[in-house]
Amino acid sequence: MIRKGLKIASFILLLMNSTFLYAQDVEFSQFYANKVYLNPAFAGSDFDARISMNYRNQWPEISSAYVTYSVAYDQYVNSLGGGVALQVMQDEQGDGTISTTTVSGMYSYTLRVSRSLSVKAGFQLSYIQRKLNDSNFTFPDQTDEFYINGLISPFTGESAVDHLNRNYFDFSTGLIASYKNWFIGFAAHHLAEPDEAYKEESDYSKLPRKYTFHCGVNVPVFRNGLHQSDFSLAPNFLYQQQGTNKQLNYGLYLSRGSLIYGMWYRDNLELEYDAIILQLGIMRDWWQVAYSYDKTVSKLIHTNTGAHEISFLMRFKNTRKNRSGCMEKSLRKRRKIGRIKCPHF
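From a predicted model like this one, the values you see are computed outputs, not experimental measurements.

S.K.: I would appreciate a short explanation of the overall build of the protein in the present structure.
M.R.: The helix and strand tally for the protein stands at three helices and 15 strands. A burial count over the protein gives 43% of its 345 residues as buried. Considering only contacts in the protein between residues 6 or more positions apart, those separated by 24 or more positions represent 57%. Total accessible area on the protein stands at roughly 18,500 Å², and carbon and sulfur atoms take up 59% of it.

In structure tokens form, the structure reads like this:
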């Protein structure tokens, strides 16, 4: 208990006194289960409106090191020629010692070049609130090797930092091109690189831009010359860079019936493997749920237990009817032109 407290306190003090502080965004292993977080151009990319929820617990044995919750709603709006989205995300570090709340609004415009080719451009405005809570701090003068059973003194000579807050706006953009079963996308988050310093007198502490490049294809499987509609492969590639941190993810999804299987490798450009990501999901007509586990294979294998992630998505089917009582198909057809055939998880 003492060691964990000291680690948290040392970590926070380091953040507050560093000349330069470079933060890093939350990372989800189920990239396409949280599409609008990956790329704002995904807003309204499906025909139906949808709600997506995500939960991630990274390194759960280290006193709730990183826990993240996310909920998003997006839909296509025909009168706007594109989609809109709203996302709320809560990230907790060190059992709430550092908490970040992000509220994002997004709009994507769809340009239909042809029946097979479409381009979507997305724009995102976010309001971010970061809080620092010292109630979980354990300072060195609160510990004593002569205390029995690791008892901690409630008194400290350190000055309290109280609940320091930092609020700011953020801007991001993205682009996706889709051609038949292929898609390719690019996103740039934190365009203005906002200052995250808790105190005004502190040195500039920017949030570096994050660049994301992703692409993939859905490959139908044929057997005896016939297309097996319930069986497909989807190899995908994802590259992200934020500051000096670089990450490369590559793998594939296999779907058969209502089951989705996924396997990914995550490493840096020096081919030093960080984790193997295993996924299993169930997809129905109007809902889907998936679980993934990040198995650490790097040098940290003896100090952490990987990460658990759960996603849930619900679609709202369009059932609007015309005067004759039949479902209107023209709007659906217009929207399907340019629909991105990317994985759901």
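S.K.: Help me understand the nonpolar core, please; the structure alone is not making it clear to me.
M.R.: Burial of nonpolar side chains together is a common tendency in soluble globular proteins. Formed by 13 residues in total, the largest nonpolar core has its most connected members in Phe31, Tyr32, Leu38, Phe42, Tyr253 and Trp264. In contact with Leu38, not counting residues within four places along its chain, are Phe31, Tyr32, Ala187, His189, Thr212, His214, Leu238 and Gln240. Ranked by size, the runner-up nonpolar core spans five residues in total, among them Val36, Ala43, Ala85 and Met106.

S.K.: How should I be thinking about unusual backbone geometry in this particular structure?
M.R.: Backbone phi values are negative for most residues with the exception of glycine, while trans is the configuration of most peptide bonds. You will see that His190, though not glycine, has its phi angle at about 60°, which is positive. On the secondary structure map, His190 appears in the loop between strand E7 (182–189) and strand E8 (210–217).

S.K.: Is there a simple way to explain the pattern of salt bridges in this structure?
M.R.: Any two side chains of opposite charge can pair, on the condition that their charged atoms come close. Summed over the entire model, instances satisfying the criterion amount to 11 salt bridges. One salt bridge connects Glu27 with Arg266, and the closest N-O pair in it is separated by 2.9 Å. Taken together, the residues Glu27 in the loop between helix H1 (2–17) and helix H2 (35–38) and Arg266 in strand E12 (residues 259–267) connect sequence positions 239 residues apart. The exposure classification of Glu27 matches that of Arg266, with both residues buried. Of the charged contacts, one joins Asp46 and Arg50 as a salt bridge, the two residues approaching to 3.9 Å between their closest N and O atoms. Judged on exposure class, the residue Asp46 and its partner Arg50 are both buried.

S.K.: Is there a simple way to explain the environment of Ile260 in this structure?
M.R.: Of note, Ile260 is situated in strand E12. Note on Ile260: relative accessible area 8%, which makes it buried. Sequence separation of Ile260 and Gly281 is 21 residues, and the distance between their C-alpha atoms is 4.9 Å.

S.K.: Hey, could you run me through a nonpolar patch on the surface in this one?
M.R.: A cluster of nonpolar side chains, Met53, Val71, Leu86, Val88, Val103, Leu125, Tyr127, Phe169, Phe171 and Leu191, forms an exposed patch at the surface whose accessible area comes to about 830 Å². Mapped by element, the contributors of at least two residues to the nonpolar patch are strand E3 (82–93), strand E5 (117–132) and strand E6 (164–179). As for its placement among the helices and strands, Phe171 is situated in strand E6.

S.K.: What's the story with the packing of aromatic side chains in this structure? I'm lost.
M.R.: Two numbers describe a pair of aromatic rings. These are the distance of the centres and the angle of the planes. A full pass over the atoms with the stated rule returns 12 aromatic pairs. Considering the side-chain rings of Tyr32 and Phe42, the 6.2 Å spacing of their centres and the 80° angle between planes classify their relative orientation as edge-to-face. On the criterion of sequence distance, the pair formed by Tyr32 in the loop between H1 and H2 and Phe42 in the loop between H2 and strand E1 (49–58) is long-range, its members being 10 residues apart. With a centroid separation of 6.4 Å and 20° between ring planes, the pair formed by Phe186 and Tyr211 is classed as stacked. Taken together, the residues span a long stretch of sequence, with Phe186 in strand E7 and Tyr211 in strand E8 at a distance of 25 residues.

S.K.: It is not clear to me how the pairing of E12 should be interpreted in this structure. Could you clarify?
M.R.: Here is the key point about a regular strand: its side chains alternate between the two faces of the sheet. Both strand E11 (residues 245–256) and E12 contribute to a ladder of nine bridges, which runs antiparallel. Within the sheet, the bridge partner assigned to Arg256 lies in E12 and is Leu259. Remark: two residues form the turn of the hairpin made by E11 and E12, two consecutive strands paired antiparallel; Gly257 in that turn has positive phi of roughly 65°. Relative to strand E13 (residues 273–283), E12 is paired through nine bridges, and the arrangement is antiparallel. Counted as the bridge partner of Tyr261 is Leu280 from E13.

S.K.: Got a minute to help me understand the pairing of E7 in this structure?
M.R.: Of the strand pairs in this sheet, E6 and E7 are connected by seven bridges, and their pairing is antiparallel. Bridging from a neighbouring strand, Thr173 pairs with Ala188 of E7. Taken together, E6 and the strand that follows it, E7, pair antiparallel across an intervening segment of two residues, in which Lys180 is found at a positive phi of about 50°. Bridge count for E7 against E8 is eight bridges, and the pairing is antiparallel. Within E8, the position partnered with Ala187 by the bridge is Thr212.

S.K.: Please clarify how the side chain of Arg130 should be interpreted in this entry.
M.R.: Residue position: Arg130 is located in strand E5. We classify Arg130 as buried; its relative accessible area is 9%. Within the structure, the side chain of Arg130 is placed 3.2 Å from the side chain of Thr100, a separation counted as a polar contact. Each residue touching Arg130, except ones within four places of it in the same chain, is listed here: Ile98, Ser99, Thr100, Leu164, Asn165, Arg166, Asn167, Tyr168, Glu196 and Tyr198.

S.K.: Would you take a moment to explain the confidence of the model for the protein for this structure?
M.R.: Looking at the protein, pLDDT values average 79 and 69% of them are 70 or higher. Considering only residues more than four positions removed or in separate chains, one finds that residues 1–22, a stretch of pLDDT under 50, has 33 contacts.

The rules behind the values
- Residues numbered from 1 in each chain as written.
- Predicted model: local features only at pLDDT ≥ 70, side-chain atom pairs only at ≥ 80, totals over all residues.
- Heavy atoms only, no water.
- Helix = DSSP H or I, 4+ residues; strand = E, 2+ residues; numbered from the N terminus.
- Buried < 20%, exposed > 50% of the residue type's maximum accessible area, 1.4 Å probe, protein only.
- Contact = heavy atoms within 4.5 Å.
- Areas by Shrake-Rupley, 256 points an atom, 1.4 Å probe, with all protein chains shown as cover.
- Core = buried A, V, L, I, M, F, W, Y, C linked by side-chain atoms within 4.5 Å.
- Salt bridge = Lys/Arg side-chain N within 4 Å of Asp/Glu carboxyl O.
- Patch = residues over 30% accessible without salt bridge, like charges linked within 9 Å, V, L, I, M, F, W, Y side chains within 5 Å.
- Phe/Tyr/Trp six-rings, centres within 6.5 Å; stacked < 30°, edge-to-face > 60°.
- Pairing = 2+ DSSP bridges.
- Polar contact = N/O pair within 3.5 Å; in protein donor to acceptor, adjacent residues only side chain to side chain.
- pLDDT = per-residue confidence, 0-100.

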